[in-house]
Amino acid sequence: MTLAQAVDARLRKGIGRGEFMAVIWPSRGQEAVAAGLTAALRPDDRLVTTYRGIHDLVSKGVPLTEVIGEILGRSIGASRGKGGTMHITAPDQGVALTTGIVGAGVPVAAGLALAFKQQGLDRVAAVTFGDGATNTGSFHEGMNLASTWQLPVVFVCQNNLWAEMTPIRDTMNIDQVVDRRLAYGMAGERVDGNDPEAMYRASAAAVERARTGGGPTFLEAVTFRFEGHYFGDQQKYLPAEELAAAREADPIPRYRQKLLDAGVLSEDDLTAIDTDATARVDAALAEVLAAPAPELTELEQDVFVDMEGIPS
Amino acid sequence: MSETTTTTVLQALNAALDEALSADERVFLLGEDLADPASGVSHVTSGLSTKHGADRVLNTPISEAAIAGAAIGAAIEGRLPVFEIMIMDFIGIAVDQIVNLAAKARFSSGGRTPCPITVRTASFGGLGNGATHSQSLEAWFMHVPGIKVVVPSTPADAKGLLKSAVFDPDPVLFLETTALYGKRGPVPSGDYTIPLGRADIKRAGSDVTIVTYGRGVYDALDAATALAAEGIDAEVLDLRTLVPLDLPSVLESVGRTGRAVVTHYAVEFAGPGAEIAARISSELFGRLRAPVARVGGRYRPIPAAANLEAAVYPNAERIASAARATVGYDK
């Protein structure tokens, strides 16, 4: 959580003061969802995330230079600068795909799980998406397919209550997104997405169900998106009292306090974790900024394996 | 020479899928109604689930986005999925997955995440099904960097190209033509493949080159027969794949004949022929003996009535007429 927050914060700071150019969809506020989910996954399990996926990528263990490098469009990035924030993949860390199209990752996760099943592997596919994605056809098609075929998938709706700039109450006529699973005969539950331990428990149960042949699970993780849809979003649509209430439930100070109260960690321990996270992000960013832009020859690579007969 | 047998295009496609399933356990098929006994609306997959098992030939819900998405996910995990979009007009539901995920996967990941899917779909035109069950939408996919586009015309090409498509490391849209499923011809048996991106001269000639693919090949051959009776010797060049495009073969042929007619069932306006004609014109400007002619589908939704539908599509007479005009241009 701390590391994901540190990456997100440093990127916003750098863009905001003109230190570098980048396009990001801040994930501040949603760190507990990613932390709880990825802690329940094995390294060889696969994750499909979205354009708002910085916290997912960091939590799944993608090297910071690859995440930051890709977001800044440098040769050191996960895709050597050809993908950008919305198209990061990291096979070694199990990030199968990042999608820039809302809802598109849902059926892809079913396909990853299908491949595991075909190969007799006990691996699990997880996919994260926002509440807005649950209004798309791809979501419903993918949920239905995964349930019909009883595939090992964990569907995680990061319900941050806003789809782009429209509140959830204006885009669906149900009280709880989790109810959508009922149409597909799928297991699931609604989770406090600001509580990493609750998120871990729900995720671990879902992962266990998937891994042991029990089929897919739909988790609705209720959280909030503090920085708006995109970096620079002034959030004129967001009532001040709603933001204030959300800040009260900010997962990071809340979890710090919980750890202190339980005597698990001391203030010094927490400060050391923060300092370490900041130092790691600063070191990664320095490495990224020292790395060159991609060579123009990148345009001749990876369109297809064989470029004969391919238009320039 | 290997042995050949005479089969239909439909049987050749079935044989290609059968052999691919036998050759590599990573290959599997998915789509609506594919398994026996239904074995698809067109029966291309007839017998394959019985022979290879229901876990290799998967019946899906009517969910084109999920079919494509599931294939993409499986492909990312190292499988070789071949999915069927029953009729090409339905591909709109799956275009997001094919265009925004599959076609971009290799490039946007810097080569880390290839996506070797094969999309089998069919242009149903010519059967009176009307506007939403008859279109030839290959230009949509030619316009997107990252996906290959293959359109076979003969049984041998259908088999050889489909096997190449299934094992190609990149996404391939394999466009079948329902009206050609019954066409018969010799097919080499055994492990027969045709590399993608190689055009084929279906009839040699010296006066004009008719550049075409798919169903247009047969109209072009009929036109060439009619032209031969008038003393005009037409060459018929079957592109077989539109991406990659075998431009060297096109330029070689047109360079020899000095005249070109490009014909296809897709809409002529902004269609595949526009690109091909432009390439020929710019590369061979000084050697062309006439402007490049195009004979494509008219810019109309496909009508249902047989006479109206026929009037929208190209035919041998329209192609022959265009060829005559190019031959007469410099006389």
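In this text the structure is predicted, and so the values were computed from the model without any measurement. (Residues numbered from 1 in each chain as written. Chains lettered and ligands numbered in written order. Predicted model: local features only at pLDDT ≥ 70, side-chain atom pairs only at ≥ 80, totals over all residues. Heavy atoms only, no water.)

Here we look at the overall build of chain B
In step 1: The number of helices and strands found in chain B is eleven helices and 14 strands.
In step 2: At 20 Å, chain B has a C-alpha radius of gyration in line with the 20 Å of a compact globule built from 331 residues.
In step 3: With respect to the three principal axes, the spread of C-alpha positions in chain B is 65 × 45 × 40 Å.
In step 4: Buried positions account for 62% of the 331 residues belonging to chain B.
In step 5: In chain B, of all internal contacts separated by at least 6 residues, the share reaching a separation of at least 24 is 81%.
In step 6: Carbon and sulfur atoms form 55% of the exposed surface of chain B, whose accessible area is close to 11,800 Å².
In step 7: Averaged over its 29 positive side-chain charges, chain B has a centre that lies 5 Å from the centre of its 36 negative ones. (Helix = DSSP H or I, 4+ residues; strand = E, 2+ residues; numbered from the N terminus. Rg over C-alpha atoms; globule rule 2.2 N^0.38 Å. Buried < 20%, exposed > 50% of the residue type's maximum accessible area, 1.4 Å probe, protein only. Contact = heavy atoms within 4.5 Å. Areas by Shrake-Rupley, 256 points an atom, 1.4 Å probe, with all protein chains shown as cover. Lys, Arg positive; Asp, Glu negative; His and termini not counted. Charge placed at Lys NZ, Arg CZ, Asp CG, Glu CD.)

Some remarks on the overall build of chain A
In step 1: Tallying secondary structure elements over chain A gives ten helices and eight strands in all.
In step 2: For chain A, the C-alpha radius of gyration of 19 Å lies close to 20 Å, the compact-globule estimate for 312 residues.
In step 3: A principal-axis box enclosing the C-alpha atoms of chain A has dimensions of 55 × 50 × 40 Å.
In step 4: By residue count, 55% of the 312 residues in chain A fall in the buried class.
In step 5: Look at the contacts in chain A between residues 6 or more apart in sequence, and 73% of them connect residues 24 or more apart.
In step 6: Only carbon and sulfur atoms are counted for the fraction: they give 52% of the accessible area of chain A, which is about 12,400 Å².
In step 7: Counting 28 positive and 42 negative side-chain charges, chain A places the centres of these two groups 2 Å from one another.

So, helix H8 (residues 247-257) of chain B
Residue and element names in this part refer to chain B.
In step 1: Inspection of H8 places Leu247, Val250, Leu251, Ser253, Val254, Gly255 and Thr257 among the buried residues, and these make up the whole buried set.
In step 2: On its buried side, H8 packs onto strand E10 (208-212), strand E11 (234-238), strand E13 (260-267) and helix H9 (272-283).
In step 3: Directly beyond the C-terminal end of H8, a positive phi value near 80 degrees is found at Gly258.

Some points on the layout of surface pockets
In step 1: Taken as a whole, the largest pocket encloses approximately 750 Å³ of empty space.
In step 2: Taken together, 31 residues form the lining of the largest pocket, with A:Ile310, A:Pro311, B:Met142, B:Val243 and B:Arg279 sitting closest to its centre.
In step 3: The class makeup of the residues in the lining of the largest pocket is 21 nonpolar, six polar and four charged.
In step 4: The two domains that each donate at least three residues to the lining of the largest pocket are domain 1 (4-188) and domain 2 (200-328) of chain B. (1 Å grid on protein atoms, 1.4 Å probe; cavity = no way out; pocket = protein on both sides within 12 Å on 5 of 7 lines; lining within 4 Å. Points joined across faces, edges and corners; volume = space filled by probe spheres on them. Nonpolar A, V, L, I, M, F, W, Y, C, P; charged D, E, K, R; others polar. Domains from an automatic or database assignment.)

What to know about the confidence of the model for chain B
In step 1: On average, chain B scores 97 in pLDDT, and the residues at 70 or more come to 99%.
In step 2: Taken over the whole predicted complex, pTM reads 0.96, whereas the ipTM for its chain interfaces reads 0.95. (pLDDT = per-residue confidence, 0-100.)

Examining the interface of chain A and chain B
In step 1: Opposite the 43 residues of chain A that make contact, chain B presents 43 residues.
In step 2: With both sides pooled, the region where chain A packs onto chain B buries about 3,400 Å², and carbon together with sulfur makes up 61% of that total.
In step 3: The largest share of the area that chain A buries against chain B comes from A:Gln118, A:Glu141 and A:Phe304, three residues that together contribute 18% of it.
In step 4: At the boundary of chain A with chain B, the tally comes to four salt bridges.
In step 5: A salt bridge links B:Arg112 to A:Glu66; its shortest N-O distance comes to 2.9 Å. (Buried area = accessible area lost by both parts, 1.4 Å probe. Salt bridge = Lys/Arg side-chain N within 4 Å of Asp/Glu carboxyl O.)

Overview of the sheet that holds strand E14 (residues 293-297) of chain B
Residue and element names in this part refer to chain B.
In step 1: Sheet architecture is open: five strands sit in the order E9-E11-E10-E13-E14, paired in mixed fashion. The sheet is open, and its two borders are formed by strand E9 (200-203) and E14, each paired with just one other strand. With direction set aside, neighbouring strand axes in the sheet form an average angle of 25 degrees.
In step 2: As paired strands, E10 and E13 are joined by three bridges and run parallel to one another. (Pairing = 2+ DSSP bridges. Axes fitted to C-alpha atoms, helices over the stretch in contact; angles between N-to-C directions.)

Focus on the pattern of salt bridges
Residue and element names in this part refer to chain B.
In step 1: Evaluated as defined, the whole model comprises 46 salt bridges over all chains.
In step 2: The shortest N-O distance in the salt bridge between Glu176 and Arg120 comes to 2.6 Å. Placement of Glu176 in strand E7 (residues 172-177) and of Arg120 in strand E5 (residues 118-123) is noted, with a sequence separation of 56 residues between them. Here Glu176 matches Arg120 in class, with each residue buried.
In step 3: A salt bridge links Asp238 to Lys202; the shortest N-O distance between them is 3.1 Å. Taken as a pair, Asp238 in strand E11 and Lys202 in strand E9 lie far apart in primary sequence, 36 residues in all.
In step 4: By relative accessible area, which is 0% here, Asp238 ends up buried.
In step 5: According to the relative accessible area criterion, Lys202 is partly exposed, its value standing at 22%.

What to know about the UniProt feature "domain: Transketolase-like pyrimidine-binding" (unreviewed entry) in chain B
In step 1: Here, UniProt's "domain: Transketolase-like pyrimidine-binding" (unreviewed entry) annotation points to residues 7-183 of chain B.
In step 2: As annotated, residues 7-183 of chain B has a helix share of 37% and a strand share of 18%, and its two end C-alpha atoms lie 8 Å apart. (UniProt positions renumbered as here; feature names shortened; annotations may be inferred.)

Considerations on unusual backbone geometry
Generally, phi is negative for residues other than glycine and the peptide bonds are trans, each holding for most cases.
In step 1: Across the junction of B:Asp36 and B:Pro37, the peptide omega takes the value 0 degrees, indicating a cis bond.
In step 2: By the element assignment, B:Pro37 lies in the loop between strand E2 (27-31) and helix H2 (48-52).
In step 3: In this model, B:Val243 is joined to B:Pro244 through a cis peptide bond whose omega is -5 degrees.
In step 4: Its identity is not glycine, yet A:Arg80 carries a phi of approximately 55 degrees, on the positive side.
In step 5: Tracing the sequence through the fold places A:Arg80 in the loop between helix H4 (64-71) and strand E2 (95-99).
In step 6: With a phi close to 80 degrees, A:Asp302 is a non-glycine residue in the positive phi region.
In step 7: With respect to the helices and strands, the residue A:Asp302 is situated in the segment after helix H10 (267-290).
In step 8: The buried category is assigned to A:Asp302, whose relative accessible area is 13%.

Considerations on the packing of helix H9 (residues 251-261) of chain A against H10(A)
In step 1: It is at 10 Å that the axes of H9(A) and H10(A) come closest, and there the two elements cross at 145 degrees. Together, A:Arg256, A:Leu259 and A:Leu260 of H9(A) and A:Glu267, A:Leu270 and A:Asp274 of H10(A) make up the contact between the two elements.

Topic: the pairing of E11(B)
Residue and element names in this part refer to chain B.
In step 1: When you tally the buried positions in E11, you get five out of five residues, the bulk of the element.
In step 2: Across the two faces of E11 the burial is the same, with Ala234, Val236 and Asp238 and Glu235 and Leu237 all buried.
In step 3: Sheet topology note: the E9/E11 ladder contains three bridges and is antiparallel. If you follow Ile201 over to E11, its bridge partner there is Leu237.
In step 4: In this structure, E10 lies alongside E11, joined through five bridges in parallel fashion. Bridge pairing in E11 links Thr209 to Glu235.
In step 5: Note on the crossover from E10 through helix H7 (residues 216-229) to E11: the handedness is right-handed. (Right-handed = clockwise from strand over helix to strand, strands pointing away.)

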